[in-house]
Amino acid sequence: MSSVRVLVGTRKGAFILTSDGRRDRWDITGPHFAGWELYHLKGSPADPNRLYASQTSGWFGQQIQRSNDGGKTWEPAGNQFTYAGVPGTHQWYDGTPHPWEFKRVWHLEPSLTDPDTVYAGVEDAALFRSADGAKTWEELPGLRGHGSGPHWAPGAGGLCLHSIVLDPSDAKRMFIAISAAGVFRSDDGAATWRPANRGLRSEYIPDPTAEVGHCVHHIAMHQSRPRTLFMQKHWDVMRSDDAADSWHEVSGNLPTDFGFVIDMHAHEPQTVFVIPIKSDSEHYPPEGRLRVYRSRTGGNEWEALTEGLPQRDCYVNVLRDAMAVDGLEACGIYFGTTGGQVYASADAGDTWKPIVRDLPAVLSVEVQTLA
Amino acid sequence: MIPPRERTAPGAGEPRAGSAAAARGLRRIRIVLPAHLRTLAGTGREVALDVESPVTQRAVLDALEARYPALRGAIRDHVTHRRRALVRFFACARDLSHESPDAPLPDAVAEGTEPFLIVGAIAGG
């Protein structure tokens, strides 16, 4: 029988939840790396026992951890992230040039085919790759070097490369997203990049339709339709049907088009999930009601999913890497909150229950479906 | 409650008489690590390392990182070797954080009677 492993990164360590395919009883291990911030953990699609974790601390910097046994044991891996060549400058909050400085790894994306190859999206924004199981890291400098880098400016959370999407149909194509620069696409194995933000409109920047400068929060792709992408932007839920050559808005009837997470149903490429969040300084669910919104039409028409979710006095946030789906026949969906709950639905969002509560604030949720 | 101090490694401090280390002028130095770095390195509270004379911050940290590679980058920058902002170095009731990394450490550290303390600064309110 299939089973599910949920990898949860929090402000104070990592937790691993496992269940059989019924997904009604969960075993929890952790905290792993107690006291450290775990921005992201993810398993290799090519070897589910190979996990990578980004462990970071304001005191002691960045660590990368690797597991070869599905998270039972871990070993420190390479943690040297050195920008290629002369790092140069990007734009600071006040518009002045600011030297590129490595701060942390936001996202780890293992290769779809090679367990030893893994990409890292870092702050200050850059893309690194390891081809030796995270022992050593090398920047892929074409991204920062393509020309607009000196004009990138940080979002409120920093100048972070937080989304990495690999095209399952084309090993040389990948997408990344940076707050607050936007989406970039490579068609040549990450050697060269171009901005992919046409159609985005951001009223909070001097030129609302600029080629770069958009605060993209997250992007998602369905494996069966790699030319179709969905985006949760600072404001607006967007869709592209031409591999990010252009985008159009699909916010439709959402109560707010602000939010962080966006994800896809495992088997229905037109089914999308978002969690609307109040914008600006509030960053909690509208009216204190935690609602997942599902569109079965690829956007524009959204339905609120509330059964089992708190519908009063709920003021948590759901951060950009904190939603994931499993691949079981009845698609499971999972998300974690800054209040320390991980909610799960085993019926594509119709009903929900917390599978753990009272963890530290959740930074990331990833799911592995195991044979 | 303050946990009981772990035993100092035997022979800490003095040149190791008759040993190959002593012949090379090495001193056995005691280093106290903060909790997170103990976990990372898989050690106890205090470690003892042979360090070449003159015993300086740089020599101690070089030896520490050579023995425990997981600590590289956690105390000082990989490339510049600049101390991380929220890490402090104390010894003999003195804050040595702002001393030159090449300045000799106090005699009591070089002699192993006092440990070199690596401390995570109190920060965060």
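Relevant structure appears above.
A quick note: this is a predicted structure, and the numbers were derived from the prediction, not measured. (Residues numbered from 1 in each chain as written. Chains lettered and ligands numbered in written order. Predicted model: local features only at pLDDT ≥ 70, side-chain atom pairs only at ≥ 80, totals over all residues.)

## Topic: the overall build of chain A
Our working rule: In this text, helices come from DSSP runs of H or I with a minimum length of four residues, and strands from runs of E with a minimum of two, each type numbered from the N-terminal end. For this measure, only C-alpha atoms enter the radius of gyration; the expected value for a globule follows 2.2 Å times N^0.38, where N is the number of residues. Contacts are defined on C-beta atoms placed from the backbone: any two residues whose C-beta positions lie within 7 Å are in contact.
Of regular secondary structure, chain A possesses zero helices and 30 strands. Relative to its length of 371 residues, chain A is compact, with a C-alpha radius of gyration of 19 Å against a globular reference of 21 Å. If one aligns the C-alpha atoms of chain A with their principal axes, the spans along those axes are about 50 × 45 × 40 Å. Partitioning the intrachain contacts of chain A with sequence separation of at least 6 by distance along the chain shows that 50% fall at a separation of at least 24.

## As for the interface of chain B and chain A
Basically, it comes down to this: Nonpolar residues are Ala, Val, Leu, Ile, Met, Phe, Trp, Tyr, Cys and Pro. Charged residues are Asp, Glu, Lys and Arg, and all others, Gly as well, are polar.
Each partner contributes residues to the interface: chain B has twelve residues there, and chain A has 13 residues. For the side of chain B that touches chain A, the element with the highest residue contribution is helix H2 (residues 35-41) of chain B, accounting for three residues. Of the residues belonging to the side of chain B that touches chain A, the class tally is seven nonpolar, four polar and one charged.

## Let's talk about the sheet that holds strand E5 (residues 51-57) of chain A
Residue and element names in this part refer to chain A. This is how the line gets drawn: Paired strands, as defined in this entry, are two strands with at least two bridges between them according to DSSP.
Pairing within the open sheet is antiparallel, and its four strands lie in the order E4-E5-E6-E7. Edge positions in the sheet fall to strand E4 (37-43) and strand E7 (75-76), since each of these pairs with one other strand and no more. Where strand E6 (residues 61-67) meets E7, two bridges bridge the pair, whose relative direction is antiparallel. Among the inter-strand pairings, Arg66 is bridged to a residue of E7, identified as Glu75.

## Focus: helix H3 (residues 57-67) of chain B
Put simply, the rule reads: Put simply, a residue is buried when 20 or more other C-beta atoms lie within 10 Å of its own C-beta and exposed when 12 or fewer do; between those, it is partly exposed, and each C-beta is set from the backbone.
Within the span of H3(B), buried status applies to B:Gln57, B:Ala59, B:Val60, B:Leu61 and B:Leu64. At its buried positions, H3(B) is contacted by strand E1 (26-32), strand E2 (46-52), strand E3 (87-91) and strand E5 (116-120) of chain B.

## With respect to unusual backbone geometry
Residues and elements named next belong to chain A. At the junction of Gly30 and Pro31, the peptide bond is cis and its omega measures out at 0° in the coordinates. When you line up the elements, Pro31 lands in strand E3 (residues 27-32). The amide bond that connects Glu123 to the next residue, Asp124, takes the cis arrangement and shows omega of -5°. Note on placement: Asp124 falls in the loop between strand E11 (118-123) and strand E12 (126-130). Its identity is not glycine, yet Ala134 carries a phi of approximately 80°, on the positive side. Tracing the backbone through its elements, the reader meets Ala134 in the loop between E12 and strand E13 (138-139). The exposure class assigned to Ala134 is buried, which follows from the 24 C-beta atoms found within 10 Å.

## Points about the pairing of strand E18 (residues 216-222) of chain A
Residue and element names in this part refer to chain A. With seven of its seven residues buried, E18 lies for the most part within the structure. Here E18 runs beside strand E19 (residues 225-233); their pairing, made up of six bridges, is antiparallel. Bridging across to E19, Val216 finds its partner in Lys233. Counting the residues between successive antiparallel strands, the hairpin from E18 to E19 contains two residues.

## Examining the nonpolar core
Here is the rule we go by: By definition, a nonpolar core groups buried Ala, Val, Leu, Ile, Met, Phe, Trp, Tyr and Cys residues that are joined through C-beta atoms within 7 Å.
If you look at the biggest cluster of nonpolar residues, it comprises 108 residues, and the most contacted ones within it are A:Val8, A:Ile176, A:Ile219, A:Tyr334 and A:Val365. Top contributing element to this core by residue count: strand E15 (residues 174-179) of chain A, with five residues. Excluding residues that lie within four positions of it along the chain, A:Val8 makes contacts with A:Ala14, A:Phe15, A:Leu17, A:Gly336, A:Val342, A:Leu359, A:Val362 and A:Val365. Residues B:Leu33, B:Leu49, B:Val51 and B:Ala110 belong to the second largest nonpolar core, which totals 27 residues.

## Some points on the pairing of E6(A)
Residue and element names in this part refer to chain A. Within E6, seven of the seven residues are buried, leaving the element largely enclosed by the surrounding structure. Sheet analysis places E5 next to E6, joined by seven bridges and oriented antiparallel. Residue Leu51 lies in a different strand from E6, and its bridge partner there is Ser67. Counted between consecutive antiparallel strands, the loop separating E5 from E6 contains three residues.

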